[in-house]
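Chain and residue survey
The lines below spell out each chain.
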Amino acid sequence: MMISVAALPGATFKNSVITSSAFVTRKIAGENFRTKMSSVSLPPLPDNLTVLGCGAAVVDLLAAVAAYPEPDDKIRTTSLKVQGGGNAGNASTCVARLGLKSRLISKVADDAQGRSILEELQADGVDTSFFVRFPRREIHRSLISLLTTKREVKTRTCIHTPGYPPMRPEELSGSSLSSALDGARLFYSDVRLHETALVIAQEIQATRKNIPILVDAEKKREGLDDLLNFSDYVVCSATFPQVWTEAPSIGSALVSMLLRLPKLKFVIVTLGEDGCIMLERSVNESPEEEMDVDSLVESLKQRKQDDIAIPTCVSSTVTKVRANGIGTVNARVFVGTAEKIPPSEVIDTTGAGDAFIGAVLYAICTNMPPENMLPFAAQVLLAVEPWAPGPVSHAAPILDWLPFYRSEDVPVLHDFCNTSVFILEVSGEEGSGM
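Right, let's walk through the structure included here. (Residues numbered from 1 in each chain as written. Predicted model: local features only at pLDDT ≥ 70, side-chain atom pairs only at ≥ 80, totals over all residues. Heavy atoms only, no water.)

Focus: the packing of aromatic side chains
Note on aromatic pairs: each is described by the distance of the centres and the angle between the planes. Scanning all chains against the criterion turns up three aromatic pairs. Geometrically, the ring pair formed by Y233 and F266 is tilted, given 4.7 Å between the ring centres and 45° between the ring planes. Residue Y233 is found in strand β17 (residues 233–236), and its partner F266 is found in strand β18 (residues 266–270); the two are separated by 33 residues along the sequence. No difference in accessibility class separates Y233 from F266, as the two residues are buried. Note on Y362 and F376: the rings are 5.5 Å apart at their centroids and 40° apart in plane angle, and the pair reads as tilted. A residue pair is termed long-range when its members are at least 10 positions apart, and Y362 in helix α9 (residues 352–365) and F376 in helix α10 (residues 370–379) qualify at 14 residues. For the pair Y362 and F376, a shared accessibility class is recorded, and that class is buried. Note that R260 overlies the ring of W244, its terminal NZ or CZ placed 4.0 Å from the centroid. (Phe/Tyr/Trp six-rings, centres within 6.5 Å; stacked < 30°, edge-to-face > 60°. Helix = DSSP H or I, 4+ residues; strand = E, 2+ residues; numbered from the N terminus. Buried < 20%, exposed > 50% of the residue type's maximum accessible area, 1.4 Å probe, protein only. Lys NZ or Arg CZ within 6 Å of the ring centre and 35° of its normal.)

Some thoughts on the side chain of D216
Tracing the backbone shows D216 in strand β16 (residues 213–217). With no salt bridge to any partner, buried D216 finds its closest opposite charge in R221, at an N-O distance of 6.5 Å. Those residues within four positions of D216 in sequence are excluded, and the remaining contacts are N87, Y188, S189, D190, V191, V235, D354 and I357. (Lys, Arg positive; Asp, Glu negative; His and termini not counted. Salt bridge = Lys/Arg side-chain N within 4 Å of Asp/Glu carboxyl O. Contact = heavy atoms within 4.5 Å.)

Observations concerning helix α1 (residues 87–97)
With 11 of 11 residues buried, α1 is to be regarded as a mostly interior element. Those residues of α1 lying buried are N87, A88, G89, N90, A91, S92, T93, C94, V95, A96 and R97. Backbone geometry just downstream of α1 places G99 in the positive-phi region, at approximately 110°.

Details of the pairing of strand β21 (residues 313–316)
Burial of β21 is two-sided: the residues C313 and S315 facing one way and the residues V314 and S316 facing the other way are all buried. Pairing of β21 with strand β23 (residues 327–336) involves three bridges; the strand directions are antiparallel. Its bridge partner lying in β23, C313 is registered against G336. (Pairing = 2+ DSSP bridges.)

Digging into the nonpolar core
Ranked by internal contacts, the top residues of the largest apolar core, which has 55 residues, are I105, F187, I200, V267 and L279. The leading source of residues in this core is helix α4 (residues 194–206), at five residues. Those residues in contact with F187, other than ones at most four positions away along the chain, are L52, G53, C54, A197, I200, I204, I211, P212, I213 and L214. One finds C94, L121, M373 and F376 within the second-largest nonpolar core, a separate group that totals 45 residues. (Core = buried A, V, L, I, M, F, W, Y, C linked by side-chain atoms within 4.5 Å.)

A few points about the environment of A66
Here A66 shows up in the loop between β7 (58–65) and β8 (79–85). Under the relative-accessibility criterion, A66 is labelled buried at 13%. In the structure, A66 is positioned 11 residues away from T77 in sequence and 7.5 Å away in space, judged by C-alpha atoms.

Okay, structure coming up:
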């Protein structure tokens with residue numbers, strides 16, 4: 001078995017690992033952004049690459065606190081921001097900021113929150129013409145989330161208010177659906193609007209449109225199993241594979257997913273500061289070597305070079321990957337590392353997973369190989385601006401900072417969507433009351 005270590009394309013290598021990085025200026029939304037990258041260039045963009053998304057777009061109320069309140073207590077926030085959020089909203093913004101055309105299907109009310117959601121998305125270049133908009137009435141409300149974050153221990157609490165009434169598939173007309181799919185290179189769902197997403201997936205299959213489908217499997221949700229059966233790509237949270245498959249390890253769970261979902265080309269599980277693991281199906285090779293998946297993953301982890309701060313990727317050759325008691329699949333295994341950021345410089349990681357997915361969508365559209373995709377996606381995360389008081393905007397879609405680029409010339413960006421409240425605990429004197 002052959003193992004390789006890679007970073008981004010165009011980089012300088014020594015002993016199979018990247019040894020230098022470059023600063024690249026890209027013009028995005030009319031402004032120049034100086035970004036620290038581990039390669040000197042990204043793949044050239046073909047014309048008219050469009051990603052269609054369907055899912056949550058919310059308004060986030062981001063409250064930073066020195067400590068969580070005790071029962072029946074009152075405290076003051078150290079800062080409060082109102083901005084966009086939501087899985088699909090963040091990922092769609094990320095795609096747009098990377099230079100692709102981004103369309104999003106979702107639903108908002110004609111209220112202040114709904115107008116704010118649309119304005120932020122449109123400002124970032126996301127096509128919102130396929131949103132369902134309801135007149136402002138008392139029973140109609142856009143999604144809101146309150147997030148409270150405790151900075152010292154990097155924790156957050158989310159209190160979510162769903163939009164009402166929820167979106168129904170019939171609210172997306174046949175002509176609108178056809179227009180939304182026209183020219184789309186990829187379809188993405190966060191499973192928040194599962195009924196509508198399923199109708200879109202069924203339309204793709206029925207019309208034999210060659211549009212791959214990526215599903216964000218954050219956790220078990222209503223309608224997820226149906227969507228997974230249509231999926232070509234899946235990106236999972238750290239806990240999802242084992243919860244969904246009941247397999248004893250992450251590696252065996254990934255093998256189980258490829259076996260249970262025969263249409264699936266690859267599955268990625270994100271592991272936070274531990275990076276990610278990817279299992280990619282091979283249909284053109286029939287390897288003779290067979291290896292236990294957990295042993296293979298562990299051997300790849302041993303090949304990582306921990307003294308490299310920037311993200312890298314270690315991969316196997318095509319192997320008959322075995323999960324005891326589950327089965328075997330011909331596949332390649334990839335272990336991606338994460339950017340090494342000093343804990344004192346991390347303010348908030350909310351939305352990082354959505355940015356990662358946005359980067360994966362970009363990589364698929366531009367035919368980026370996995371060895372390059374995983375380090376690239378690991379860098380498309382949040383920015384930390386130590387000079388700024390309180391938390392930065394938490395969904396930091398892309399090329400504005402690669403990786404966690406800390407500079408005063410990078411503006412604070414918004415992520416957007418329905419409403420969620422995040423409470424951030426930050427250092428500083430706690431208020432005595434409200």
